[in-house]
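Chain residues, written in single-letter form:
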Amino acid sequence: MDLESYIRALPKAELHLHIEGSLEPEMMFALAQRNGVTLPWDSVEATRAAYAFSDLQSFLDLYYAGAAALIHERDFHELAMAYFARAHADGVVHAELFFDPQTHTERGIAFETVLDGLERACQEAQTRYGISSRLILCFLRHLSEDEGFATLEQALPHLGRIHGVGLDSSEKGHPPSKFTRLFARCRDLGLHVVAHAGEEGPPAYIVEALDLLQVERIDHGVRAAEDPALMARLAREQVPLTVCPLSNIKLCVFDRLEQHNLRQLLEAGLKVTINSDDPAYFGGYVGQNYLETAIALGLSRAQLKQLARNSLEASFVPEALRSPWLSVLDSLPTD
Ligand SMILES: Nc1ncnc2[nH]cnc12
Ligand SMILES: [Zn+2]
């Protein structure tokens, strides 16, 4: 079996995917036209050409601008269905989707419009593709904790449809400690908790996310490699890291994929997973992330299998649901 087919055959979970980051320029333009929204670019080609980022903030500026095309429930549904089609083609059996309600409610879109469209797509993905999914509400960390509390208030009537919360947007200058009370409240409500940390921010932010927010997974976390004590802790506690290799290259966290530390983290015994982050902006969905990383870092098939296993084990689905996927994974060869 060639490498691409092998990767596709691995049953895998995607645990770090911003659904707004799967908005391809073609759909962005179609929606903008349908909704009478003016975008800052003239064409699909000009939009793609603008995707040359120097850091996280330079990407976020475009990402928030593109999200303005999303207005109606059906827009969010179409967006997520397009993602699920791609995920299915890549062998994804389970996906945990991040969504950023504040990006939309700030523009006057109702919280329910966003949630209803995404949830309808999640249900359709189960029947059409057999993909199970969960929704994780992300708080924008450049906004205040009080604004986060206001968003949580809007989410309260819908907690049966929201599985967890995360923390995203501009990392530097917005440490996890800013959101300690908000995350404590979310944990009290029985929500799962994750946070972006150590993407651009220092290893100390990863420590804060673990100790203050008590997160169950770290999104990115690649800068943990700068702190040997933290590396030892992450390995000992088997804290999952949702690493996004192509994102890290596009946002200049590493210069080249060959220099990415994913293999180092994996071989140090950390529970590393591979994910796509914002695939429409970063040049590849999850399968492409596995493939390019495998080639650049010379990952073995046993390591690819381990990465897929980690993704299933790090997901928030009950063990009984996971075990059939793990059996399929176990049956695949490693040579
Ligand atoms: N990679 C990323 N880091 C932080 N916030 C984000 N929002 C969307 N993608 C993100
Ligand atoms: Zn992310």
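Within an unreviewed UniProt entry, the label attached to the protein chain reads Adenine deaminase, and the organism entered is Parazoarcus communis SWub3 = DSM 12120. For the record of the protein chain, the UniProt heading Catalytic activity (unreviewed entry) holds the text "adenine + H2O + H(+) = hypoxanthine + NH4(+)". In its Sequence similarities (unreviewed entry) section, UniProt records this for the protein chain: "Belongs to the metallo-dependent hydrolases superfamily. Adenosine and AMP deaminases family. Adenine deaminase type 2 subfamily."

This brings us to the packing of aromatic side chains. Applying the stated criterion across every chain, the model contains 12 aromatic pairs. With a centroid separation of 5.3 Å and an interplanar angle of 75°, the aromatic rings of F59 and Y281 are classed as edge-to-face. Highlighted residues: F59 in helix α4 (residues 56-66) and Y281 in helix α14 (residues 279-282), separated in sequence by 222 residues. For F59, a relative accessible area of 2% corresponds to the buried category. Among the aromatic residues, those joined into a cluster by ring pairs are Y51, F53, F59, Y63, Y64, Y281 and F282. The cationic tip of K12 hangs over the ring face of Y290; the distance from NZ or CZ to the ring centre is 5.6 Å. In this structure, R301 packs its charged tip against the face of Y6, placed 4.8 Å from the ring centre.

With five of six residues buried, strand β5 (residues 192-197) lies mostly within the body of the structure. Bridge count for strand β4 (residues 164-168) against β5 is two bridges, and the pairing is parallel. What sits directly across from G164, in β5, is H192. Remark: the β4/helix α9 (residues 180-188)/β5 crossover connection has right-handed handedness.

UniProt's feature table lists "site: Important for catalytic activity" (unreviewed entry) at H220, given in the numbering used throughout. Here H220 lies in strand β6 (residues 217-220). For H220, a relative accessible area of 0% corresponds to the buried category. In this structure, H220 is in contact with H16, H196, A197, G198, E199, L241, T242, V243, C244, S247, N248 and D277, ignoring residues within four places of it in sequence.

Taken as a whole and assessed by the stated rule, the structure comprises 21 salt bridges. The salt bridge involving R48 is made with E24; its shortest N-O contact spans 3.0 Å. One end of the pair, R48, is in helix α3 (residues 44-49); the other, E24, is in the loop between β1 (12-18) and α2 (25-35), and 24 residues separate them in sequence. Residue class for R48 comes out partly exposed when judged on its relative accessible area of 38%. With a closest N to O distance of 2.7 Å, E226 and R223 form a salt bridge. Overall, the relative accessible area of 23% leaves R223 in the partly exposed class. Connected via shared salt-bridge partners are E24, E26, R48 and R86.

Turning our eyes to something else, we now look at the side chain of E200. Relative to the elements of secondary structure, E200 occurs in the loop between β5 and α10 (203-211). Look at E200: it is buried, it has no salt bridge, and the nearest opposite charge is K172 at 4.3 Å. Among the polar contacts listed, one links the side chain of E200 to the backbone nitrogen of L56, at a separation of 2.8 Å. When neighbours within four sequence positions are excluded, E200 is seen to be in contact with D55, L56, E171, K172, R223 and L251.

Let's shift gears to the UniProt feature "domain: Adenosine deaminase" (unreviewed entry) in the protein chain. In this structure's numbering, the residues bearing the UniProt feature "domain: Adenosine deaminase" (unreviewed entry) are residues 11-324. Here residues 11-324 runs as 49% helix and 15% strand, with 10 Å between its end C-alpha atoms.

Right, let's talk about the site of ligand 1 for a bit. Neighbouring ligand 1 are the residues H18, L56, F59, L60, Y63, D168, S169, H196, E199, H220, D277 and D278. The separation between a nitrogen atom of ligand 1 and a polar side-chain atom of D277 is 2.7 Å. Between a nitrogen atom of ligand 1 and a side-chain N or O atom of D278, the distance comes to 2.6 Å. Across the complex, the protein chains shield 100% of the 260 Å² of accessible surface that ligand 1 would expose by itself. Assessed atom by atom at 2 Å from the grid points, ligand 1 resides in the largest cavity. For the shell around ligand 1, the element with the most residues is α4, which contributes four residues. When its residues are assigned to classes, the shell around ligand 1 shows four nonpolar, four polar and four charged.

Moving on, we come to the side chain of S169. Within the fold, S169 resides in the loop between β4 and α9. Taking relative accessible area as the criterion, S169 reaches 7% and is therefore assigned buried. Engagement of the side chain of S169 in a polar contact is seen with the side chain of H142, the distance being 2.7 Å. Excluding residues that lie within four positions of it along the chain, S169 makes contacts with L56, L60, Y64, L140, R141 and H142.

The rules behind each value
Residues numbered from 1 in each chain as written. Chains lettered and ligands numbered in written order. Predicted model: local features only at pLDDT ≥ 70, side-chain atom pairs only at ≥ 80, totals over all residues. Heavy atoms only, no water. UniProt positions renumbered as here; feature names shortened; annotations may be inferred. Phe/Tyr/Trp six-rings, centres within 6.5 Å; stacked < 30°, edge-to-face > 60°. Helix = DSSP H or I, 4+ residues; strand = E, 2+ residues; numbered from the N terminus. Buried < 20%, exposed > 50% of the residue type's maximum accessible area, 1.4 Å probe, protein only. Lys NZ or Arg CZ within 6 Å of the ring centre and 35° of its normal. Pairing = 2+ DSSP bridges. Right-handed = clockwise from strand over helix to strand, strands pointing away. Contact = heavy atoms within 4.5 Å. Salt bridge = Lys/Arg side-chain N within 4 Å of Asp/Glu carboxyl O. Lys, Arg positive; Asp, Glu negative; His and termini not counted. Polar contact = N/O pair within 3.5 Å; in protein donor to acceptor, adjacent residues only side chain to side chain. Near = heavy atom within 4 Å. Areas by Shrake-Rupley, 256 points an atom, 1.4 Å probe, with all protein chains shown as cover. 1 Å grid on protein atoms, 1.4 Å probe; cavity = no way out; pocket = protein on both sides within 12 Å on 5 of 7 lines; lining within 4 Å. Sits in = over half its atoms within 2 Å of the grid points. Nonpolar A, V, L, I, M, F, W, Y, C, P; charged D, E, K, R; others polar.

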